[in-house]
Structures are given as structure tokens and as C-alpha cells.
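So you can see what is in the structure, the chains are spelled out below.
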Amino acid sequence: MDDPITAVASCRRTNLLEKDPLLYIFNEMYKSHHFEYEFETEDKEKEEEDEEKEKEEYMAAESVVFLDTPLASPYNNRIRPLLDAIDELRYFKLMPEEGIDINHTLPIPTIVVIGDRSSGKSSVLESLAGINLPRLCTRVPLLLRLQSSDYSTPKISLHYNGKVVSANEKTLADKIIVATEKIAGKGQGVCATPVTVNLKKQGLPYLTMVDLPGIIPVPEDVYHQVSNIIMDYISPKETIILNVLSAASSVHFSTCESIRMSKQVDNTGTRTLAVVTKADRSPEGLLDKVRNNDVEVGLGCICVINRIGHESYEQARCKEALLFETHEHLSQIDKSIVGIPALAKKLVNIQETIMKKYLPDIVLKIEEKIKTNLDDLMKVPNPMDAVIKASTAVGSIVDHSSTFRKLVDEYSKELQHHADRSSTFRKLVDEYSKELQHHGDIGKDFLVDEINKLKDARTFGPSNFLSRQVFMSLVEEKVKTISEVPSKFIEKYWNYVESVCLSVLMSDFRDHPQILSSIKREVQNLVEKTKQHSFGWVNNIVEMEKHSNYTTYPEYMETLKKLMAYQDEFMKILTDDSREKWNVQIDGLGEIDIGHLRGLEGYVLEAFDMKMRLIAYWEIIVKRLIDYTVNHCLHYTNQSITSSREGWQRMLESSVAKHKERLETSMEVLERSKNVVNDLIEKFGK
Ligand SMILES: Nc1nc2c(ncn2[C@@H]2O[C@H](COP(=O)(O)OP(=O)(O)OP(=O)(O)O)[C@@H](O)[C@H]2O)c(=O)[nH]1
């Protein structure tokens, strides 16, 4: 009869293996005298030959890894539906966007393998993942990231020191050795820099398994380095700790260093599982150790026999099954705690328990989100009401201003008494008016500019014509000094209108940030457009004032007459040699020092006349600028309210509609997600 491998192969053919594999193998082995464990044979030569042949077949095989890995089957039955559901939730675009982050809400555990040096850690991982790992001692953390993908051929890559190296099943072990040497050197030194191996293949479980350097008591620095690495990896709460203990070791399980370490981070042992390896090497006494729970870790312990030498994974599993079934000592151990498949099942159960613990929390979060969405929906204001409110608020600026306009007519003194000084608009206009008037002050050297200009002009031509020119140039100079003032008022005014609109609209849509941002944008665009138009307009007005000197305002002549009435008094004081101080008091201009004009009498009379005309005319300019600018602003405010009202309404309606649609879709998604999670709870909660 064939050896166990051939037996398995032949059962596969006949489908008997599926029915009762152990019994079948057992019978076949019994018949063929291959019963003794370790497959001892008298014909050593034949054994060596067979081994060599197996090795060749093994190396020639297309795919020596990723057979149906022990973890894959229980994983696919239990965890895969959970992950599929999570994918579905991701597809619904639930999570971060909805304020529920599935990656944080549902952690996917990592399996970390720790234990003494050569206890069989890499072998356990190898057995679980069905992947060749180097048989040399592990000196850097090895992170195996298993991932399911659509590709039937595995994709393997190594990542370390910022490098990515691709590999295949046959070269992987060698490439891990090269990577380890590059990181930790060629000696026996260890290093915390990890090598990550990404493995993608159809049907693989989504899992990260970490192989860590083994613990050795000496040298002390290596012991400390390894301890630190182990503590770093086993501390996170989502980690499942596989504490690997060799049955062949003389050390008592409970005094093992790795047990002490895992107890430090997982006192109750809720995430620690002991794996006793090399059961084949020390079968005697193992039952007692396991039964007495020498290990005392919360999740108990599983005894395994790993692949050794050039055995294939299938061979190793058959051998393991056979020994635990038939060996006089090993067969005494409870079947639920022996073998790699039992370990895989247990790990999947642990993972499932951890993941399931979070499911009710997800449902709760989803329900909360549905409730806030519903509240939001109820609270979305009517766009029409909002627009009316905003228009009315802006309109009230216009209403306030009509009183002001009357007051402007009665001029600034009256303004002080009648204006409603609390209104922001009134304050703006008041400031504007004051600034313009301030530029009308007579300044320090009374009449000096006028005299200089007249002197210059005399040199060139007939006096009549030139005095008009001088007046025009004085007007232009004066207007230049205020050319920025109207633009500043315009800027402030439209900013004020913008803030009024926004504050009204914002208060209505405060709880709806998505709508708020589009409202803000729309209002800002509209105001900016109007503002630019206003700037153009007001600059034209300033230009016009610079180059014209015409007015029909009767106030001009009245003011001029009043001022000219001081001319005689002014001359009398100026020509009075007996004085020590030469000051003249003029109504509206205050007390003016004119001592500096003595000796310039030839130009003074004409300069006085020019100055008084300029002062009278400046009042008209100020009045006109205020009237123009304020009227312009009011007119444009009215116009923009009327013309933009419909636009605003449309904009708001579409924003509100979009917002409502978003909320409704999100609720639908949330309801569906909740059902998915509830289904899972119902299915797996049992
Ligand atoms: N007979 C037998 N040998 C085993 C078993 N498990 C592991 N071995 C052997 O023990 C030796 C060490 O195994 P590894 O898996 O490399 O041990 P490790 O704990 O990863 O070693 P370090 O990384 O050096 O700490 C290898 O020769 C394995 O073939 C087992 O269950 N039975």
C-alpha cells in the first residue's frame, strides 16, 4: 500500500477522504505497516530516495503555498461575511462621511506570535498561512499581510527600509533572509525595523500575522531588545497573542518568559492563546500539562505538530492528524484542542468574537445618525421665508437712510440733532461726511497757496482768465486729497450690506452647513460684483469734481457773501502796524493767524477772494459727493435686492433641495446599513 501522501492523493481521487479522511488513512496506514509515528521504515535507503523524490516534486510544483490554508476555511465561513458586510457598508459610503468610521469602529485583529527562540513560532505561522518561511532564526519583526484579491496567481511583495521587492512562492524565504541581513546585519543581532510581506490571492483571509524574534536569556542586550519589540507588538488591545511553547522544552510552561510578558499586557488572558508545538517530540506528560492548565492563559491552549523538513503542508496535516488520533499519549488529549485546524478555528472564533463585540455599537451609531438626519430634515427652513427676511433686512438700510437724506439737505449741523446715531448705516455716512469736511479745513498757512499760485500765473498771462485757471487748479488739488474717501465709504457700505444679508440668512440656516456655504458664496459674489460697479461709478464722480466748477446751489452764493463780508475787517487787521498779533475771527472758520501775510498786500485781496470762493465751493462739493454716493448706494441696494431676490431664492431652493436629497439618501443608506449589521448580529450572535 502507498505511504500516507499517496493514500491521501488516492482518497482524493475516490472522494473517500471527504467522507471520513482519518479513518480512511488510518486503515490504509495500518494495512501498509506505516503505522508508527514519524513514519519510521527499515529501508532507510528507500526512505531517502523517496524523500529526495518528494523534494523534487515539491520544488517543481507550480504552487507550493496557498493550498487551502488551514485558516481559510473557517475564516471564509465566519469572518468573510463580516468583512463583506463591512465592504457593503463602505460601498454605501457610510462611515467617515457619515461620522461613523468603520475602520475605527470595527478593528480587524492582528495575530502576533511570541515565544522562546526555536519554540516553533515561524512554523506555526507557516502552518496557518500555508506559506514557506525561512527556517533560520527570526531576527526582525516579520509582518505577513494576507489579503484576498481577484488574482488567482498570488502577488507577493516585501517592503522594508522604504524598498519594495517582489517575490514568488519559491523565492520568498530567500528574500526574507536577504531583507533580514540588510536590516540587522549578518550576525545574530536583532532589530525592531520590520519586514512586511504583502500576500494577495483569491480566497485568502484578510489577516495580519506577525512573527517576532524569539526570546533568549543571554546576551542581556539582545534579551532586552527582543523584550521591547515583543511588548510593542502585543500591547495594542486588538492584538491576538499566540504564545508558542515547545513541548520539548525542559522549562515549565508557567515560568516561561513569553507567558510572563503576555500577562503584563493581557492580565485576564482574553486575547492570549497558548500553542504547544513539537507535540511529536515529547508526547509523554503533555496530556497532564494541558489538562492541569499549566499555562493558565485565558483562551486555553492548543497542541500542534508543525511541518518539518521537506514535508508538504498536506503531508504535515495528515501526520499531525494521525498522531493525535493514534499515538498512545497524544490521542488522550481532547480533540478540540489538538491540531493546526483546531488552532485556525479557535483563532477565527477569537477574531469573530472581537469583531462581533463592536457590532451593536455600530447599530447604535447608525441609529443616532438617522435621528440627527431626521431632526435636520424637520429643521430645514423655507427658502422663500429666508430670502424675504434677508431682503427686508437690507431694505431697512434703505428706509433708515431716507431720513438721513433729508438731513443731509439741512446740512451737517442738523444731522447731529436728528440722525438716529445708533444705526450702523447712519454711522457710516456720518463718518464719511466728517472725513470729507475735515479736508475742507483751512490748514496752517492761510492764503499762502493761493498767493503762490496767483504769483506764478501773473508771470504768464491776463489776470481774468488766469484767476479762473488758478481756481480750477486749487479745486483739483483739493479734490485729489479726498479722492480715496468715497471709495472707502463704498467699500465699507457694501461690506455692511453683505454682513446684514449673511447674518440673516446664516441665522436661518445655522444648522445646515452645506447650505450655508453656498449661501455665503452667492452673497459674496453678488456683493463683490455690485461693489466693483460702485467703485467705477464713484471714481468717475471724483474725476468730474476735479475738473468742473459749476453749481446751481444757492448756498454757494450765500456762503460766499457771508465770508466776503469779513474782507474789510481782514485787511484792516493786516495793515494795522500797531498790533503785536494779527488774528482774524471768521464765522465757520474760527480764529485765523494772518501775521505771515504782512508785506504781501499786492496779492492778498485777490487771494482772499479766491480762498473764500474755494471754501464756499468746497461745501458744495462735499454736499454733492455725499448726495451722489449715498443715493448711488441706496439705488443699487434696491436694485440688487430686486434683481437678485429671484436668483437668491432659486439658489436657496436648489441648495435646500440638494440638502434634503442628501439627507434622504443618507437615511436610506443608514437604514440599509443597519439592516446589514442587524442581520449579522442575528446570524452570528447565536
Ligand atoms: N518535530 C517538530 N519540530 C518542529 C515543530 N515545530 C517546529 N519545529 C522545528 O523547530 C525548529 C525551529 O522552528 P522555527 O519555526 O524556526 O522556530 P522559531 O520559534 O520561529 O525560531 P526563532 O525564530 O529562531 O525564534 C525548526 O527546525 C522546526 O522544523 C514541531 O511541531 N515538531
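The rules behind the values
Counting restarts for each chain, with residues numbered from 1 along the sequence as it is written. Residue-level local features of this predicted model are given only where pLDDT is at least 70; pairs of side-chain atoms are given and counted only at 80 or more, and the full residue set underlies all totals for whole chains, interfaces and linings. To get the side-chain values, take all heavy atoms of the structure and skip hydrogens and water. Put simply, a residue is near a molecule or strand once any heavy atom of it comes within 4 Å of that molecule or strand. Within 3.5 Å is the distance limit for a polar contact, defined as a pair of N or O atoms, with the added protein rule that one can donate a hydrogen and the other accept it, and that residues adjacent in sequence qualify only through two side-chain atoms. Using a 1.4 Å probe, the Shrake-Rupley method yields the accessible areas, and only the shown protein chains count as cover for residues. Polar here means any residue outside two lists: the nonpolar Ala, Val, Leu, Ile, Met, Phe, Trp, Tyr, Cys and Pro, and the charged Asp, Glu, Lys and Arg; Gly therefore counts as polar. Every case where a carboxyl oxygen of Asp or Glu lies within 4 Å of a side-chain nitrogen of Lys or Arg is listed as a salt bridge. Per the convention used, a helix needs a DSSP run of H or I reaching at least four residues, while a strand needs a run of E reaching at least two, with both numbered from the N terminus. Three exposure classes are used, based on accessible area relative to the maximum for each residue type with a 1.4 Å probe and protein chains only: buried under 20%, partly exposed in between, and exposed over 50%. Pairing between strands requires that DSSP locate at least two bridges from one strand to the other. Note on method: axes are straight lines fitted to C-alpha atoms, helices fitted across the in-contact stretch only, with angles between N-to-C directions ranging 0 to 180 degrees. Whether two residues touch is decided by their heavy atoms; if any such pair falls within 4.5 Å, the residues are in contact. For Phe, Tyr and Trp, rings pair up if their centres lie within 6.5 Å, where Trp contributes its six-membered ring, and each pair is then called stacked (planes under 30 degrees apart), edge-to-face (over 60) or tilted (otherwise). Note on geometry: a ring has a charge over it if NZ (lysine) or CZ (arginine) is within 6 Å of the ring centre and within 35 degrees of the ring normal. How far a helix is expected to stretch is found by multiplying one less than its residue total by 1.5 Å.

Draft legend 1. Looking closely at the site of the ligand. Near the ligand you find 18 residues, and of these Lys121, Ser122, Ser123, Thr138 and Asn306 are the closest. Between Lys121 and the ligand, the recorded distance is 2.7 Å, taken from a side-chain N or O atom to an oxygen atom. Contact distances for the ligand include 3.0 Å between an oxygen atom and a backbone N or O atom of Lys278. For the ligand, the protein covers 88% of the area, taking 640 Å² as the surface of the free molecule. Grouping the constituent residues of the shell around the ligand by class yields 3 nonpolar, 8 polar and 7 charged.

Draft legend 2. The pattern of salt bridges, seen in detail. Per the counting criterion, the structure on display carries 18 salt bridges. The closest approach of N and O atoms between Lys186 and Glu181, which form a salt bridge, is 3.4 Å. With a closest N to O distance of 3.2 Å, Glu320 and Arg317 form a salt bridge. With Glu320 and Arg317 both in helix α12 (residues 313–326), this residue pair falls 3 residues apart, about one helical turn. In terms of burial, Glu320 and Arg317 fall into one category: buried. The structure contains a network of salt bridges with shared partners spanning Glu491, Glu528 and Lys531.

Draft legend 3. Structural detail: unusual backbone geometry. The linkage connecting Val218 with the following residue, Pro219, adopts the cis geometry, with an omega of -5°. With respect to the element layout, Pro219 can be found in the loop between β6 (207–211) and α9 (220–234). Here the phi dihedral of Ser118 falls at roughly 65°; this positive angle occurs in a residue that is not glycine. With respect to the helices, strands and loops of the structure, Ser118 is situated in the loop between β1 (110–115) and α7 (121–129). According to the relative accessible area criterion, Ser118 is exposed, its value standing at 53%. A positive phi angle, close to 45°, is found at Asn161, a residue other than glycine. Note on placement: Asn161 falls in the loop between β3 (155–160) and β4 (163–167). Taking relative accessible area as the criterion, Asn161 reaches 49% and is therefore assigned partly exposed.

Draft legend 4. View of the environment of Asp334. Residue position: Asp334 is located in the loop between α12 and α13 (340–379). Its relative accessible area of 49% is what places Asp334 among the partly exposed residues. Each C-alpha atom of the pair Asp334 and Phe324 lies 9.3 Å from the other, and the pair is 10 residues apart in sequence. There is a polar contact of 2.9 Å between the side chain of Asp334 and the backbone nitrogen of Ser336.

Draft legend 5. Examining the sheet that holds β6 more closely. Within the open sheet, the 9 strands sit side by side as β4-β3-β5-β2-β6-β1-β7-β8-β9. Their pairing is mixed. Edge positions in the open sheet fall to β4 and β9 (301–303), since each of these has one partner strand only. Geometrically, the sheet is characterised by an average inter-axis angle of 20° between neighbouring strands, direction not taken into account. Across 6 bridges, strand β7 (residues 239–246) lies against strand β8 (residues 272–277) in parallel orientation. In the sheet register, Asn243 faces β8, and the bridge partner there is Ala274. Strand contacts of α9: β1, β2 (142–147), β6 and β7, with the helix running at about 155° to β1, the strand carrying the most contacts.

Draft legend 6. Inspection of the packing of aromatic side chains at higher detail. Within the structure shown, the criterion is met by 7 aromatic pairs. Aromatic pair Tyr556 and Tyr617: ring centres 6.2 Å apart, planes at 90°, arrangement edge-to-face. Here Tyr556, found in helix α21 (residues 554–564), pairs with Tyr617, found in helix α23 (residues 601–685); they are 61 residues apart in sequence, far enough to count as distant. Here a set of aromatic residues connected by ring pairs shows up, and it is made of Tyr432, Phe489, Tyr493 and Trp494. The cationic tip of Arg307 hangs over the ring face of Tyr313; the distance from NZ or CZ to the ring centre is 4.7 Å. Just above the ring of Phe471 sits the side chain of Arg613; from NZ or CZ to the centre is 5.3 Å.

Draft legend 7. Region of the structure containing α12. Taking 1.5 Å as the rise per residue, α12 with 14 residues should run 20 Å; its terminal C-alpha atoms sit 20 Å apart, in good agreement. Among the 14 residues in α12, 10 count as buried, and that is most of the element. Taken together, the buried positions of α12 are occupied by Tyr313, Gln315, Ala316, Arg317, Cys318, Lys319, Glu320, Leu322, Leu323 and Phe324.

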